[in-house]
Amino acid sequence: MVGLWFSLVLVIGSLVGGLHASAGDADPIYRACVGECEKTGHVGDITIPHCLIWHSDQMKNSSWYMQEPLYLQWKQLNCGSDCCYHCMLQRENERQELGLAPIKYHGKWPFKRIYVFQEPASAAFSALNLVMHFNGWLSFFILVNYKLPLRPQSKRTYYEYTGLWHIYGFLAMNAWLWSALFHTRDFELIEKFDYSSAVALLGFSLILSLLRAFDIKDEATRVMYAAPILAFVTTHILYLNFYELDFGWNMKVCTVMGVAQLLSWAIWAGRTPQPHRLKIWAIVLGGAVAMLLETYDFAPWGGYLDAHALWHATTIPLTCLWWSFAKADAEHRTAVLVKKAK
Ligand SMILES: [Zn+2]
């Protein structure tokens, strides 16, 4: 379930935040500014060093690395990104003087940068989510391996879902890492990694929720459930990256996977007598409140804090609750199984 909220946050995040046409970048004054800047390396009094390299004669006499294609590509990427940024700020200032409200550029609000950070608040909250997942996963790892008893013969944990939670933890940390990078700089490659990781996390959360909700412990049955989902998610990610980046279709896929796991957790929480099911309900409610934030898509306060950033902030406490659910579940199942073994 929480997998659902987190991954939907990430998926929608990468879709909403994508490099897509908005009112701002359709503005001819803005477009002229970007074109001029990429040619001359200047916006008003500001000089963009990354753009200057194309025009100087220094180029020919400069050191070998400055002529490397990768280095040049990197410069070009930065030149484009810096020009868009400074032209956006200039255009927004002009608009403000005319009494106009902020508009989006390339699918994003006009954020102010802090050093290299394009959307500092969202990047910082993504990094915090990553830290919370690491913290949660680590304390789960210590609990199942060192605090709870192990099976006498195999020395494996009694809890049947240990491995699944480890994979979940890895995918969640991976997804938040790319989210943090994407909010730092929205280069196309990072964007691809960002939504691919989010889709992978969402797909795996679905597998986890099905296996847990329906108490599937037998390996063969697990494979029967997981294989088609894994195959589908892999194909979907390859399709998006190498065939067609169809945001509408991706949204449908993510919604179906999200609703399916919502249902499976609801079924589990509805029929289980375990006390920690309340945590699941709390997470659903918290997630719903967090979702409301994303629907109120307002321009960033002070140029920094927008609805999307707040949304990333709300998943931080939910992450704590989520791993605490995993630990409670491991403790409960272990107690039951140890009792049975005696
Ligand atoms: Zn985001």
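Since the model is a prediction, treat every value here as computed from it, not as a measurement.

Calculation notes
- Residues numbered from 1 in each chain as written.
- Predicted model: local features only at pLDDT ≥ 70, side-chain atom pairs only at ≥ 80, totals over all residues.
- UniProt positions renumbered as here; feature names shortened; annotations may be inferred.
- Helix = DSSP H or I, 4+ residues; strand = E, 2+ residues; numbered from the N terminus.
- pLDDT = per-residue confidence, 0-100.
- Contact = placed C-beta atoms within 7 Å.
- Buried ≥ 20, exposed ≤ 12 C-beta atoms within 10 Å, placed from the backbone.
- Expected span 1.5 Å × (residues − 1).
- Axes fitted to C-alpha atoms, helices over the stretch in contact; angles between N-to-C directions.
- Parallel < 35°, antiparallel > 145°, perpendicular 65-115°, else oblique.
- Left-handed = near helix turned anticlockwise from the far one by under 90°.
- Nonpolar A, V, L, I, M, F, W, Y, C, P; charged D, E, K, R; others polar.
- Core = buried A, V, L, I, M, F, W, Y, C linked by C-beta atoms within 7 Å.

Draft legend 1. Region of the structure containing the UniProt feature "transmembrane region" (unreviewed entry) in the chain. This chain's UniProt record puts "transmembrane region" (unreviewed entry) on residues 123-146, 158-181, 193-211, 223-243, 249-268, 280-296 and 308-325. Across residues 123-146, the secondary structure splits into 100% helix and 0% strand, with the terminal C-alpha atoms separated by 34 Å.

Draft legend 2. Main features of the confidence of the model for the chain. On average, residues of the chain carry a pLDDT of 85, and 89% of them reach 70 or more. The secondary structure element of the chain with the lowest average pLDDT is helix H1 (residues 2-16), at 51, and the one with the highest is helix H7 (residues 120-147), at 96. Taken together, the stretch residues 13-19 has pLDDT below 50 and engages in 22 contacts with residues farther than four places along the chain or on a different chain.

Draft legend 3. Quick peek at the environment of Asp218. Looking at the secondary structure, you find Asp218 in the loop between helix H9 (188-213) and helix H10 (219-243). Here Asp218 falls in the exposed class, since 10 other C-beta atoms lie within 10 Å of it. The spatial distance from the C-alpha of Asp218 to the C-alpha of Glu160 is 9.4 Å, given a sequence separation of 58 residues.

Draft legend 4. Examining helix H11 (residues 247-271) more closely. Here H11 contains 25 residues, and its C-alpha end-to-end distance of 36 Å stays within 8% of the 36 Å for a straight helix at 1.5 Å per residue. Listed in full, the buried residues belonging to H11 are Asn250, Val253, Cys254, Met257, Gly258, Gln261, Ser264 and Trp265.

Draft legend 5. Quick look at the packing of helix H8 (residues 162-184) against H9. Put simply, H8 and H9 touch, their axes get as near as 8 Å, and they point 155° apart. As far as their axial angle goes, H9 and H8 are roughly antiparallel. The hand of the H8/H9 crossing is left-handed. On H9, the residues that touch Leu164, Ile167, Tyr168, Leu171, Ala172, Asn174, Ala175, Trp178, Ser179, Leu181 and Phe182 of H8 are Ile190, Glu191, Phe193, Asp194, Ser197, Ala198, Ala200, Leu201, Phe204, Ser205, Leu208 and Leu211. Counted by class, the contact of H8 with H9 contains 17 nonpolar, 4 polar and 2 charged residues.

Draft legend 6. Molecular detail of helix H3 (residues 28-40). Here H3 contains 13 residues, and its C-alpha end-to-end distance of 18 Å stays within 8% of the 18 Å for a straight helix at 1.5 Å per residue. In this structure, the buried side of H3 is in contact with helix H2 (23-26), strand S1 (42-43), helix H4 (49-52) and helix H6 (69-97). Just past H3, the residue Gly41 takes up positive phi, approximately 80°.

Draft legend 7. Structural view of unusual backbone geometry. In this model, Lys155 sits at a positive phi of 60°, which is unusual for a non-glycine residue. You can call Lys155 exposed: it has 8 C-beta atoms within 10 Å.

Draft legend 8. Fine view of the nonpolar core. Ranked by size, the top nonpolar core spans 41 residues in total, and within it Ala175, Leu201, Leu202 and Ala326 carry the most contacts. Counting residues per element, the ones that place at least two in this core are H7, H8, H9, H11, helix H12 (277-295) and helix H13 (307-341). A per-element tally of this core places H9 first, with 12 residues. One finds Tyr30, Cys79, Tyr85 and Tyr105 within the second-largest nonpolar core, a separate group that totals 14 residues.

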